Amino acid sequence: MYSEKVMDHFTNPRNVGEMPDADGIGTEGNPVCGDVMKIYIKVKDDKITDAKFQTFGCGAAIAVSSMVTEMAKGMTLEEALQITKQSLANALDGLPPQKMHCSNLGADALHKAIEDYRTKQGK
Amino acid sequence: MKKIYLDYVATNPLHPEVLDAMLPYFNELYGNPLSIYEPGMKARTALEQARESTASLINAKSKEIIFTASGAEANNFALKGIAYANQSKGKHLIVSKIEHHSILNTARFLEKQGFAVTYLPADKNGTVNPSDVEKAVTKETILISVIHASPEIGTIESIAEIGAIAKQKGIIIHTDAVASVGNIPVDVNSLNVDLLSFAAHQFYGPKGAAALYVREGTRIVPLIYGGIQEGGRRAGTENVPAIVGMGKAAELAKRDLQKRIDHVKALRDKLIENTSRIDKILLTGHPQLRLPGHASFVVEYIEGEAMLLLLAAKGIYCASGSACSSKALKASPVLLSIGVPSHVAQGSVVFTLGQETTEEDIQYFNETFPQIISRLRQISPYAKGWEGTEDSTCTAKK
């Protein structure tokens, strides 16, 4: 049902864990629906220097979280805002149709983290 | 890698003796049971022998067995067939909320056809209270249908008591015994039921063979019209090899029942004992009155499909009732109806054991499962507890 890449990112997820000194945090989803993603980013000179995640959810949700943090690392904030559910799913060699919402959550959680960073900067 | 199948409630492997019994009916004994020449007569004889063994497993008479192609068909047949045969007497049905989809969706269909349905709750152990059944009965009630044992939570219901109430009130009673027949003793007379569904692949028989028991004298409207097969109550050329397989499987199940129960129960108890030691894990269903090979849990802070996939990567195959593991993306209605909060229901996992399960399998499972739980909890944002999730409802469009 899942691509090899999804299984790889699910069974060996990259960037797992809390980031106590995060510059921005974005949470998306609801445990009642079955998936929640929390994405932490570290930013320097408008660039994402590090990203981590914590996820409650299915195999696809964990793989998406791993992939979105991998993709975001090294990107400028503007570049990271261009990540969409489709580009995330493509990077994972596709997701089953009923799992595309996981991809959506991943992109949204990252964008929220960027928003959070910008709000904090504005203060 | 080891392959450990712990999903016997999904289906069972075929018993080798059952396969041997079936094989000749695919080629040399290919006759149609309705044909009056020799190949037909041989098929007819095999069909009737299978009916006798199948009936004997549940202490019924041969003529009370109608073969169907699945447990779901038997359940559809029972509800629609009885509802349509008795609609002049009344249009009210009683079912429980923890029924299989093939009962619940048929009940919903009948509601659209003008029947009224009462859906009875179960308590936190998944037990339907017989006095609730009694209270739900009206002058219009024509059928009560309560599951014998739940495939999701393993709880065995008090069908004999519910059956006695139905009998006393003169109401027809059906039980979906797909998960129980062949796994625990089932006797249609001591259960006081008029109809009972069961399927061969739940007791080492083939898929595609199942039956509806209909007590002698109970009128039922067919689901499938056509020829005179199954006494005109279920038309269509009989699936002779599969039915022969069901007969053989029934014969073996009857002969070995106690041995089978003892085998799975001892191993299941070890699995439950060990798994219950893990923090924040809860056995679902009744702690004692449950199917002997059945262990079901909810594991907090993590999700079922993720557990299922990591277990599969270790060669362990099981089931889950979480939203993400279902095609419909909805958490198990059974878990929700027995009061498991929906975020906790996401951590559902079901293990069902069978005759091929060994002591070593359970030992390997007991070593592996806690590792998988702690691995997923390391990833989870809720590893330290649920925060502010208790009252929310899922509004996401999936």
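The shown structure was predicted, so the numbers you read here are calculated from the model rather than taken from an experiment.

A. Structural view of the overall build of chain A. Scanning chain A from N- to C-terminus turns up five helices and three strands. Starting at the N terminus and walking to the C terminus, you meet the elements of chain A as α-β-β-β-α-α-α-α. C-alpha extents for chain A along the principal axes are approximately 45 × 30 × 20 Å.

B. Here's a closer look at unusual backbone geometry. A positive phi angle, near 60°, is found at Asp93(A), a position not held by glycine. With respect to the helices and strands, Asp93(A) occurs in the loop between α4 (85–91) and α5 (100–122). Of note, the phi angle at Tyr301(B) is positive, near 75°, even though the residue is not glycine. With respect to the helices, strands and loops of the structure, Tyr301(B) is situated in the loop between β10 (294–299) and α8 (304–313).

C. Quick peek at the packing of helix α1 (residues 4–11) of chain A against helix α2 (residues 59–72) of chain A. Residues and elements named next belong to chain A. Where α1 meets α2, the closest approach of the two axes is 8 Å, and the angle between their N-to-C directions is 85°. Considered as vectors, α1 and α2 are oriented roughly perpendicular to each other. Contacts from Val6, His9 and Phe10 of α1 reach α2 at Gly59, Ala60, Ile62, Ala63, Ser66 and Met67. Its residues assigned to classes, the contact of α1 with α2 comprises six nonpolar, three polar and no charged.

D. Region of interest: the sheet that holds strand β1 (residues 24–30) of chain A. All names here are of chain A. Spatially, the three strands line up as an open sheet ordered β1-β2-β3, and their pairing is antiparallel. At either margin of the open sheet sits one strand with a lone partner, and together these are β1 and β3 (47–56). Strand-to-strand twist of the sheet, defined as the mean angle between neighbouring strand axes without regard to direction, takes the value 15°. Strand direction decides the pairing type here: β1 and strand β2 (residues 35–44), joined by seven bridges, are antiparallel.

E. Seen up close, the packing of helix α2 (residues 38–57) of chain B against helix α7 (residues 240–275) of chain B. All names here are of chain B. α7 packs onto α2 with a crossing angle of 35° between their chain directions and a minimal axis gap of 8 Å. As for the relative orientation of α2 and α7, their crossing is left-handed in sense. Residues Ala43, Ala46, Leu47, Gln49, Ala50, Ser53, Thr54, Ser56 and Leu57 of α2 lie in contact with α7, whose contacting residues are Val240, Ile243, Val244, Met246, Gly247, Ala250, Glu251, Ala253 and Lys254. In terms of residue class, the contact of α2 with α7 is built from 11 nonpolar, five polar and two charged.

F. Region of the structure containing the interface of chain A and chain B. In this assembly, 21 residues from chain A lie in contact with 27 residues from chain B. When contributions to the side of chain A that touches chain B are tallied by element, the ones reaching two or more residues are α1, β2, β3 and α2 of chain A. Per-class residue counts for the side of chain A that touches chain B are 10 nonpolar, nine polar and two charged.

G. Region of the structure containing the domain arrangement of chain B. All names here are of chain B. According to the domain assignment, chain B contains domain 1 (4–9 + 257–379) and domain 2 (16–253). Computed from C-alpha coordinates alone, the two centres of domain 1 and domain 2 are separated by 28 Å. For the side of domain 1 that touches domain 2, the secondary structure elements donating two or more residues are α7, β10 and α9 (333–337). Each residue belonging to the side of domain 1 that touches domain 2 can be placed in one class, and the counts come to nine nonpolar, 10 polar and one charged.

H. The arrangement of the pairing of β2(A) in detail. All names here are of chain A. Of all 10 residues making up β2, eight are buried, and the element is well covered by its neighbours. Hairpin connection, β1 to β2: the antiparallel pair is bridged by four residues, and glycine 34 has positive phi, about 110°. Counted along the chain from β2 to the antiparallel partner β3, the turn is two residues long, and its residue aspartate 45 has a positive phi close to 50°.

I. Quick peek at the confidence of the model for chain B. Summarising the model, chain B shows a mean pLDDT of 95, and 96% of its residues fall at 70 or more. Both scores are given for the predicted complex: the pTM is 0.94, the ipTM 0.92.

J. Main features of helix α4 (residues 101–112) of chain B. Residue and element names in this part refer to chain B. If you check α4, its first and last C-alpha atoms are 16 Å apart, about what 12 residues at 1.5 Å a residue would give, namely 16 Å. Among all positions in α4, only Ser102, Ile103, Leu104, Thr106, Ala107 and Leu110 are buried. Tucked into the core, α4 has its buried residues touching α3 (71–86), β3 (92–96), β4 (116–120), β5 (141–145) and β6 (172–176). Just downstream of α4, glycine 114 is the residue with a positive phi angle, here 100°.

K. Structural context of the nonpolar core. If you look at the biggest cluster of nonpolar residues, it comprises 163 residues, and the most contacted ones within it are Ile39(A), Ile41(A), Val68(A), Leu110(A), Tyr213(B) and Met307(B). The leading source of residues in this core is α7(B), at 12 residues. Of the residues that make up this core, three or more belong to each of domain 1 (4–9 + 257–379) and domain 2 (16–253) of chain B.

Cut-offs and rules
- Residues numbered from 1 in each chain as written.
- Chains lettered and ligands numbered in written order.
- Predicted model: local features only at pLDDT ≥ 70, side-chain atom pairs only at ≥ 80, totals over all residues.
- Helix = DSSP H or I, 4+ residues; strand = E, 2+ residues; numbered from the N terminus.
- Axes fitted to C-alpha atoms, helices over the stretch in contact; angles between N-to-C directions.
- Parallel < 35°, antiparallel > 145°, perpendicular 65-115°, else oblique.
- Contact = placed C-beta atoms within 7 Å.
- Nonpolar A, V, L, I, M, F, W, Y, C, P; charged D, E, K, R; others polar.
- Pairing = 2+ DSSP bridges.
- Left-handed = near helix turned anticlockwise from the far one by under 90°.
- Domains from an automatic or database assignment.
- Buried ≥ 20, exposed ≤ 12 C-beta atoms within 10 Å, placed from the backbone.
- pLDDT = per-residue confidence, 0-100.
- Expected span 1.5 Å × (residues − 1).
- Core = buried A, V, L, I, M, F, W, Y, C linked by C-beta atoms within 7 Å.

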